[in-house]
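Chain and residue survey
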Amino acid sequence: MSAILEVEDLKVHFTVQKSGHKHIVKAVDGVSFFVERGETVGLVGESGCGKSTVGRAIVRFNKSNGGKIIFDGNDITTCDMKPYRSRMQMVFQDPYSSLDPRMSVNDIVGEPLDIQSPEMPRKERDVRVLEQMRLVGMNSEHLSRFPHEFSGGQRQRISIARAMVTKLDFLICDEPVSALDVSIQAQIINMLMDLQEKFGLAYLFIAHDLSVVRHISRRVVVMYLGHIMESNTAEDLYEHPLHPYTQALLSAIPVPDPRIGRTKQRVVLKGDVPSPINPPSGCVFRTRCPHASEVCAETMPQQEDIGGGHIVACHKFRALA
Ligand SMILES: Nc1ncnc2c1ncn2[C@@H]1O[C@H](COP(=O)(O)OP(=O)(O)O)[C@@H](O)[C@H]1O
Ligand SMILES: [Mg+2]
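This section reports on the structure supplied with the text. Just so we're clear, the structure is a prediction, and the values are computed from it rather than from any experiment.

1. Quick notes on the packing of helix 4 (residues 105–116) against helix 6 (residues 152–163)
Where helix 4 meets helix 6, the closest approach of the two axes is 7 Å, and the angle between their N-to-C directions is 35°. Note on element contacts: helix 6 touches helix 4 through Ile-158, Ala-161 and Arg-162, opposite Val-105, Ile-108, Val-109, Glu-111 and Pro-112. When grouped by side-chain class, the residues that make up the contact of helix 4 with helix 6 number 6 nonpolar, no polar and 2 charged.

Printed below as a string of structure tokens:
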């Protein structure tokens, strides 16, 4: 299997004005990972860690300041995105703000086709839109309605139908179920998994909670304050988390896996993610890490591949393992 997406040393910095001074926000500061064709990679970390910025940079809603984005073997870091828009899309946590309230569902779902294939006969376009609606569990009666007439889960279905109406290879799902009830979350996740199987889609599935991505992800990337802390296959990551940050995120899951609960100490994260304007020296996690020592303040730990694609960036993980 070859990668549909490769991200190499991606950097996204924003300039902000604060009390009359210019500051640099290092939202993403050297992130590398890949997504293989047809697989799901979960991207997790607390709010403010830079997850959405990574997603937005990949689809080029955000400009990157360094690194490379390779899509299906093509460097798309700075190129014209037009040929790629139909092949990669992003859906967001709050579909209400991304669905135009004045447009009917038919216009919303068909819009990417109307823009990218204006020559497509109307009949063919309408058939494709209806097909897409059925794939997400909606029907022809819904087409003439407007976004406010639907529940949160249905709106998310509509935004997924819209994202997939062109021949998609890769979808970034940015917390698509975080605002939904738990029972609806499972429905949407199962639907995404069915669509993946049918069409061989690859997903980057963003969430702030490790429990949400567990079921859907083959591999998981854990991010903190603009950096990757650990990445591994989902199965191994949940069984043997090595980075103290991953361990902390796992012990925050309300009903922990009993196997993890027995063998691992509970780690409680104190305070909030520090500001990316003024990140800690050395390891960015050290100010909240229960195992931090001098070396952690001095140098940034290198990302180490410890075998089987398991990556850890921590000075101490060997001692903790
Ligand atoms: N357009 C922007 N201008 C300035 N700062 C931004 C912008 N977008 C995001 N940020 C900052 O970048 C950091 C990462 O944000 P984000 O990627 O949204 O995190 P997450 O999705 O993990 O919650 C946050 O500190 C956020 O305030
Ligand atoms: Mg976000």
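2. Observations regarding the sheet that holds strand 5 (residues 74–75)
The strand order across the open sheet built from 4 strands is 2-1-4-5, with neighbouring strands paired in antiparallel fashion. Single-partner strands in this sheet number two, and they are strand 2 (21–36) and strand 5. Of the pairings in the sheet, the one linking strand 4 (residues 66–71) to strand 5 comprises 2 bridges and is antiparallel in character. Paired with Phe-71 across the strands is Asn-74, a residue of strand 5. The sheet strands contacting helix 1 (residues 51–58) are strand 1 (3–18), strand 2 and strand 4, and the helix crosses strand 1 at an angle near 115°.

3. Side note on the sheet that holds strand 12 (residues 311–312)
The strand order across the open sheet formed by 8 strands is 6-7-8-3-9-10-12-11, and the pairing between neighbours is mixed. Two strands bound the open sheet, and with one partner strand each, they are strand 6 (88–91) and strand 11 (304–305). The pairing of strand 6 with strand 7 (residues 170–174) spans 4 bridges and is parallel. Residue Gln-89 lies in a different strand from strand 7, and its bridge partner there is Leu-171. Across the sheet, helix 6 lies against strand 6 and strand 7, angled at about 170° from strand 6, the strand it touches most. Strands strand 3 (40–44), strand 7 and strand 8 (202–207) of the sheet are contacted by helix 7 (residues 182–199), whose axis makes an angle of about 160° with strand 8.

4. A look at helix 1
For helix 1, the buried fraction is high: 6 of the 8 residues fall into the buried class. Of the residues making up helix 1, those classed as buried are Lys-51, Thr-53, Val-54, Gly-55, Ala-57 and Ile-58. Residue Arg-60 follows helix 1 closely and has a positive phi angle near 65°.

5. Observations concerning the site of ligand 1
In the neighbourhood of ligand 1, 13 residues make up the surrounding shell, with Gly-48, Gly-50, Lys-51, Ser-52 and Thr-53 lying closest. Backbone polar atom of Gly-48 to an oxygen atom of ligand 1: 2.6 Å apart, as the coordinates give it. Contact with the protein chains removes 64% of the 560 Å² of surface that ligand 1 exposes when unbound. Secondary-structure elements contributing two or more residues to the shell around ligand 1 are strand 1, strand 2 and helix 1.

Conventions we followed
- All chains use their own residue numbering, which begins from 1 and follows the written sequence.
- Lettering for chains starts from A, numbering for ligands starts from 1, and both go in the order in which the items are written.
- Only residues with pLDDT of 70 or above have their local features reported here, since the model is predicted, and side-chain atom pairs are shown and tallied only from 80 upward, although totals for entire chains, interfaces and linings are computed over all residues.
- Calculation of side-chain values draws on the structure's entire complement of heavy atoms; hydrogens and water are dropped beforehand.
- In this analysis, axes come from line fits to C-alpha atoms, helices being fitted only over the stretch in contact, and the angle between any two N-to-C directions falls in the range 0 to 180 degrees.
- Helix and strand definitions follow DSSP, with helices as H or I runs of at least four residues and strands as E runs of at least two, each counted in order from the N terminus.
- Pairs of residues are marked as contacts when any of their non-hydrogen atoms sit within 4.5 Å.
- Under the scheme applied, nonpolar residues are Ala, Val, Leu, Ile, Met, Phe, Trp, Tyr, Cys and Pro; charged residues are Asp, Glu, Lys and Arg; polar residues are all the others, including Gly.
- Pairing between strands is defined by DSSP: at least two bridges between them are needed.
- Three exposure classes are used, based on accessible area relative to the maximum for each residue type with a 1.4 Å probe and protein chains only: buried under 20%, partly exposed in between, and exposed over 50%.
- The cutoff for a nearby residue is simple: one of its non-hydrogen atoms must lie within 4 Å of the molecule or strand.
- In protein, a polar contact requires one atom able to donate a hydrogen and another able to accept it; more generally it is a pair of N or O atoms within 3.5 Å, and residues adjacent in sequence count only if both atoms are side-chain atoms.
- Only the protein chains shown count as covering a residue, and every accessible area follows the Shrake-Rupley method with a 1.4 Å probe.

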